[in-house]
Amino acid sequence: MVKLLSAILIICGIALSGCQQTTYRSYDDSPSLKTKSDERMVRYQVTKSFYRLAPDCVVVLPARGKAKQKDKTLIERAAARHLRGKIAQVIGPAERHRLTRRLALDLTDPADQRYFARTPYKGRVCPYLAIPSIRGIEQNFAFIWASRRVHLGLEIVSALKGDSLWQGDHSTDRSDGGLPLSPFSLGSAALRAGRLNSDKDMLPSMIDDVFRRILVTLPDTRSY
């Protein structure tokens with residue numbers, strides 16, 4: 001009964017929110033600025049160091065945060081794929097694994113990060129790190145209502161100095177189901193909720209949505 005009431009409250013809240021618009025807000029903006037109920041918020045920051053250094057190569061590090069390893073791999077691959085639209089050379093997770101095995105490095109260790117940053121690869125050094133972070137991955141199911149939420153962050157830092165060049169974070173959610181107003185609507189709501197809850201393509205799609213919106217705020221260094 002408690003789950004049913006919670007589901008009804010969630011449905012009502014989402015119904016009132018209407019169609020959402022994506023807005024972009026700097027971390028430096030005043031915290032007093034309010035987010036409207038129909039807005040999706042992307043938070044970001046581009047530092048002065050970014051424009052001075054204009055990173056042309058990054059290596060995507062293992063995702064930080066709590067999640068299944070297969071989900072972390074999805075996140076790292078998606079981060080690399082979207083970064084390639086803004087940065088000339090991106091070393092994704094598969095290539096990173098090969099390099100770290102060959103060089104016997106642990107890229108979660110700052111000393112190994114600095115060593116890697118000074119080691120030529122394909123005729124150039126790659127001194128910048130792209131660090132995905134998992135702020136939350138949630139999945140809820142209450143028979144007539146199902147919802148999923150993904151909150152991710154991404155940051156580019158200098159491996160040699162540790163300076164942050166750019167960072168952003170965003171969350172997205174999807175839900176389906178409905179209010180049980182009749183036996184027919186109860187069955188329909190349960191069917192839709194069950195489909196969303198069991199949809200294996202949902203999480204990869206949501207991860208892509210998050211990174212696509214975050215990367216809007218990253219300047220394109222391929223034209224520098």
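Read on for a plain summary of the structure. Everything numeric here is computed off the predicted structure, so don't read it as measured data.

Core analysis: the biggest nonpolar cluster contains 29 residues, and L83, I156 and F211 have the highest contact counts within it. Setting aside residues up to four positions removed in sequence, I156 forms contacts with V58, L83, I87, Y128, L129, A130, D163, S164, L165, W166 and L218.

This part takes up the environment of K72. Relative to the helices and strands, K72 is located in helix α3 (residues 69-83). Since its relative accessible area comes to 17%, K72 is described here as buried. Separated by 61 residues in the primary sequence, K72 and S133 have C-alpha atoms spaced 9.3 Å apart. In contact with K72, not counting residues within four places along its chain, are A63, G65, A67 and I134.

The next point concerns the state of the cysteines. Scanning the model with the defined rule gives one disulfide in all. Covalently, C57 is tied to C126 through a disulfide, its sulfur atoms 2.1 Å apart. Between C57 and C126, the S-S dihedral sits near -100°, and the bridge is therefore left-handed. Of this pair, C57 sits in strand β3 (residues 57-60) while C126 is found in the loop between α5 (110-118) and β5 (128-141), placing the two residues 69 residues apart along the sequence. Exposure class is identical for C57 and C126. Each is buried.

Residue position: I87 is located in the loop between α3 and β4 (89-91). Between the C-alpha atom of I87 and that of L218, which follows or precedes it by 131 residues, the distance is 9.3 Å.

In β3, alternate side chains face the same way, and those of C57 and V59 on one face and V58 and V60 on the other are all buried. The pairing of β3 with β4 spans three bridges and is parallel. Note that in β4 the partner of V58 across the bridge is V90. One crossover worth recording links β3 to the parallel β4 by way of α3, and it is right-handed.

With respect to the element layout, P219 can be found in the segment after α7 (202-214). Here P219 falls in the buried class, since its relative accessible area comes to 15%. With 168 residues separating them in the primary sequence, P219 and Y51 have C-alpha atoms 8.7 Å apart.

Bringing the pattern of salt bridges into the picture now. Across all of its chains, the model carries eight salt bridges by this definition. Between E95 and K122 there is a salt bridge whose closest N-O contact spans 3.3 Å. In this pair, E95 sits in helix α4 (residues 93-103) while K122 sits in the loop between α5 and β5, placing the two residues 27 residues apart along the sequence. With relative accessibility at 15%, the residue E95 sits in the buried group. On the accessibility criterion, K122 (64% relative accessible area) is exposed. The partner of D169 in a salt bridge is R135, with the nearest N and O atoms 4.0 Å apart. Of this pair, D169 sits in strand β7 (residues 164-177) while R135 sits in strand β5, placing them 34 residues apart in sequence.

Attention now goes to α4. Looking at α4, one finds that the buried residues are P93, E95, R96, L99 and T100. All buried residues of α4 project into a common sector of 155° when viewed along the axis, lining one side. Opposite the buried face of α4, by more than 90 degrees, sit the exposed residues R101 and R102. Where α4 is buried, its residues meet β3, α3, β4 and α5.

Scoring rules and cut-offs
- Residues numbered from 1 in each chain as written.
- Predicted model: local features only at pLDDT ≥ 70, side-chain atom pairs only at ≥ 80, totals over all residues.
- Heavy atoms only, no water.
- Core = buried A, V, L, I, M, F, W, Y, C linked by side-chain atoms within 4.5 Å.
- Buried < 20%, exposed > 50% of the residue type's maximum accessible area, 1.4 Å probe, protein only.
- Contact = heavy atoms within 4.5 Å.
- Helix = DSSP H or I, 4+ residues; strand = E, 2+ residues; numbered from the N terminus.
- Disulfide = S-S within 2.5 Å.
- Pairing = 2+ DSSP bridges.
- Right-handed = clockwise from strand over helix to strand, strands pointing away.
- Salt bridge = Lys/Arg side-chain N within 4 Å of Asp/Glu carboxyl O.
- Arc of directions from axis to C-beta.

Purely spatial values, then, with no claim about function.
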